[in-house]
Number of protein chains: 2
Amino acid sequence: MQRIESHASHGGIQDVWQHESAVLDCTMRLGVYLPPQAQQGRCPVLYWLSGLTCSEQNFITKAGAQRYAAEHGLILVTPDTSPRGADVADAQAYDLGQGAGFYLNATQAPWAAHYRMHDYVAQELPALIEAQFPATDARGISGHSMGGHGALVLALRNPGRYRSVSAFAPIVAPSRVPWGEKAFAAYLGEDRAAWREWDASELVAGASERLPLLVDQGEGDEFLASQLQPERLRAACEAAGHPLRLRMRAGYDHSYYFIASFIGEHVAHHAAALRG
Amino acid sequence: MQRIESHASHGGIQDVWQHESAVLDCTMRLGVYLPPQAQQGRCPVLYWLSGLTCSEQNFITKAGAQRYAAEHGLILVTPDTSPRGADVADAQAYDLGQGAGFYLNATQAPWAAHYRMHDYVAQELPALIEAQFPATDARGISGHSMGGHGALVLALRNPGRYRSVSAFAPIVAPSRVPWGEKAFAAYLGEDRAAWREWDASELVAGASERLPLLVDQGEGDEFLASQLQPERLRAACEAAGHPLRLRMRAGYDHSYYFIASFIGEHVAHHAAALRG
C-alpha cells in the first residue's frame, strides 16, 4: 500500500492510500482515518460507501465525521465508488461505469471483468484493513444514496460480517427506480430475477439475521420520490418483522450538508454496537 | 440579492447569495449560514475570509463550522476572495488576480478598478448583511492563510468595527514573504511605504484598540517557514504590548483538515465576545 495523502485531523490522522486490488484488477484509492485511540490499541472500523460520481474524497472532505470518530475511537474506511483506470470499462453517463459501481458483482460484459465492488468491500478491503492497520474485526457499515444501498445490501447479504448498519438517503429498492434499473440491466442483465439479490427491499424478507437498519432521509431531497422511495423499505421491513428506524428529516436535501448534520448520530449508533 | 443555493444544515440554513457589489463593481457570491436561533431573533455575525484560490464554497463545504454556529447562535458570512468576472482584471498565476484579492484596496492599474476587497468586507458587506438578514451589528472576523491576513488587517485597521478576531495559519507579514511581496507590488506599487498599512505585523505597533488576536498555526504547515512566519507577529505584539494568543499545533498542515479540527474553538472564542 502506498500513502498518497496524510493530514492531522482532530487528534488523529486522515490518510489516503493506494493499492492494487486483486478482486477488482485495478489500482484503487481509499481514505483511512485513524482516531487518536488507534495509537494505543486496535479500534473497530466503520466503512463508508459514497454515492454516484463520488470518489474516496467526498466523505473525508465534507462530512466532518473525523470529529465523531475521534470522540468514539472508530477507524473510518472510505473506498472509491467503482473500479478505476483506463483499462476499466466506462460509460459517458454519470450513473453507470466509473463512479457508479453500485456495490455489486457484475455478471455481464464488459463490466464483469472489474466491477466486483461487493466482494471488494465485503472481503478484500476488511482483510487488508485488519492486516495493515490497528483495526479489530468489529465492523460497521454506512453510506449515502447509491452507497446507502450498498451498505444495506452488504449488511443483509453477509450475516455476521457487520455489527451495525446505517444509511443516508439510500436507494432502498434499486430494482424499481431509474438509477437502479439502468445499472442493474447493464451489470446484471435483463433477467430481473437476478436483481433481487442486490435489492435491500427484497433481501429483508430472507434475512437470517435481524440487524437493525438505521436510515435518515431528508424530506426536501430532490430524489426522494423518483429514486429513493423509503416507504418501500418500510413496507418490506414491516412485512418481514425486520427492525428499521427510518427518520424523515424536514427540510434536508440530498447533499453533504444533510450528511454532516446527522453523521454524529450515525457514528454514535455504530460506536454503541462496535465498542459496546 | 438572489439566492442561488439553499441547504438545511444543523437545524439552520446554509445559503449562497449573489449580488451586485457597488464597491467592487461586479457580481459577487457569498455564503450565509443562518443558525436556528435566527428564526427567533437577531444574531451576531462571524465573517470568514478564505485563502488563495478559494471561493465562497471552500469554507461552507469543508470546515464543518455550521455545527458550532448552530450551537452558539452565530450567523456565518463567507465572501469570495476577490472581485470576479470577465470584466475584472486577472493574472495567470494562482496567487494574483481573481481568487487572490488579499483583502486590500488596490491603487495600481489595472487592479484599482475592482480590487477593493477591504472596503467590500469592512463596509458594504456588513451593511448588506445587517439590512437583509436577522443580524445584529456585533461582528467577529476570522480567516485562513491570505484570509487570516485579511482578518487581522481588517480588525487592526478598523477599531470598534469587530468585537473579536482570529486566524488560521495567517500570512502575518505579507510585506516580507513572497506571496505578499508579489501581490502588494502589483496592487499597491513598488513603494514599500504603502505596504505597511496592509501588514498586520506593522499595524499592531499603531493599533489604538488592544483587541486580542487568536492565531492557530500548524507546525507541519508546508508554508510555515516560507510564507507564514508567525514569529514576526509574536515579536511585533510583544514590542507593542498587544495581546496575542498564538497556538502552535503539532503535526497539522495548511489544509481544511486543520481548520475543521479547531474551528469549534474559534467559533466559541468569537461567541464569547459577540454574545457575552
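This is a predicted model, so every value here is computed, not measured. (Residues numbered from 1 in each chain as written. Chains lettered and ligands numbered in written order. Predicted model: local features only at pLDDT ≥ 70, side-chain atom pairs only at ≥ 80, totals over all residues. Heavy atoms only, no water.)

Trainee: Looking at this model, I keep getting lost on the pairing of strand 7 (residues 164-168) of chain B. Mind explaining?
Mentor: Along any regular strand the residues' side chains alternate between the sheet's two faces. Residue and element names in this part refer to chain B. Judged by how many residues are buried, strand 7 sits mostly within the fold: five of five residues are covered. Going residue by residue along strand 7, you find Ser164, Ser166 and Phe168 tucked away on one face and Val165 and Ala167 tucked away on the opposite face as well. Where strand 6 (residues 135-143) lies against strand 7, two bridges are found, and the strand directions are parallel. In the strand pairing of strand 7, Gly140 is matched with Ser164. What joins strand 6 to strand 7 is helix 4 (residues 146-157), and the crossover it makes is right-handed. (Buried < 20%, exposed > 50% of the residue type's maximum accessible area, 1.4 Å probe, protein only. Helix = DSSP H or I, 4+ residues; strand = E, 2+ residues; numbered from the N terminus. Pairing = 2+ DSSP bridges. Right-handed = clockwise from strand over helix to strand, strands pointing away.)

Trainee: Explain the packing of aromatic side chains here, please?
Mentor: Aromatic rings in a pair are described by how distant their centres are and how their planes are angled relative to each other. Residue and element names in this part refer to chain A. Enumeration according to the criterion identifies 26 aromatic pairs over all chains in this entry. Consider the rings of Trp111 and Tyr115, whose centres lie 5.2 Å apart with planes at 90°: the pair is edge-to-face. No difference in accessibility class separates Trp111 from Tyr115, as the two residues are buried. A centroid spacing of 4.7 Å and a plane angle of 45° characterise the contact between Trp179 and Phe223, whose relative ring orientation is tilted. Separated by 44 residues along the polypeptide, Trp179 in helix 5 (residues 178-188) and Phe223 in the loop between strand 8 (213-218) and helix 7 (224-228) bring together distant segments of the chain. (Phe/Tyr/Trp six-rings, centres within 6.5 Å; stacked < 30°, edge-to-face > 60°.)

Trainee: Please explain the sheet that holds strand 5 (residues 75-79) of chain B as it appears in this structure.
Mentor: Sheet strands associate in pairs through backbone hydrogen bonding, adopting either a parallel or an antiparallel arrangement. Spatially, nine strands are ordered 1-2-3-5-4-6-7-8-9 (chain B) in an open sheet, and the strand pairing comes out mixed. Looking at the sheet topology across the chains shown, the edges are occupied by strand 1 (2-9) and strand 9 (244-249) of chain B. Each adjacent strand pair in this sheet contributes to an overall mean axis angle of 20°, direction not counted. Of the strands in this sheet, strand 1 and strand 2 (12-21) of chain B touch helix 9 (residues 256-275) of chain A, which is tilted by about 30° from strand 1 of chain B. Together, strand 4 (43-49), strand 6, strand 7 and strand 8 (213-218) of chain B form the strand contacts of helix 4 of chain B, whose direction differs from that of strand 6 of chain B by roughly 130°. (Axes fitted to C-alpha atoms, helices over the stretch in contact; angles between N-to-C directions. Contact = heavy atoms within 4.5 Å.)

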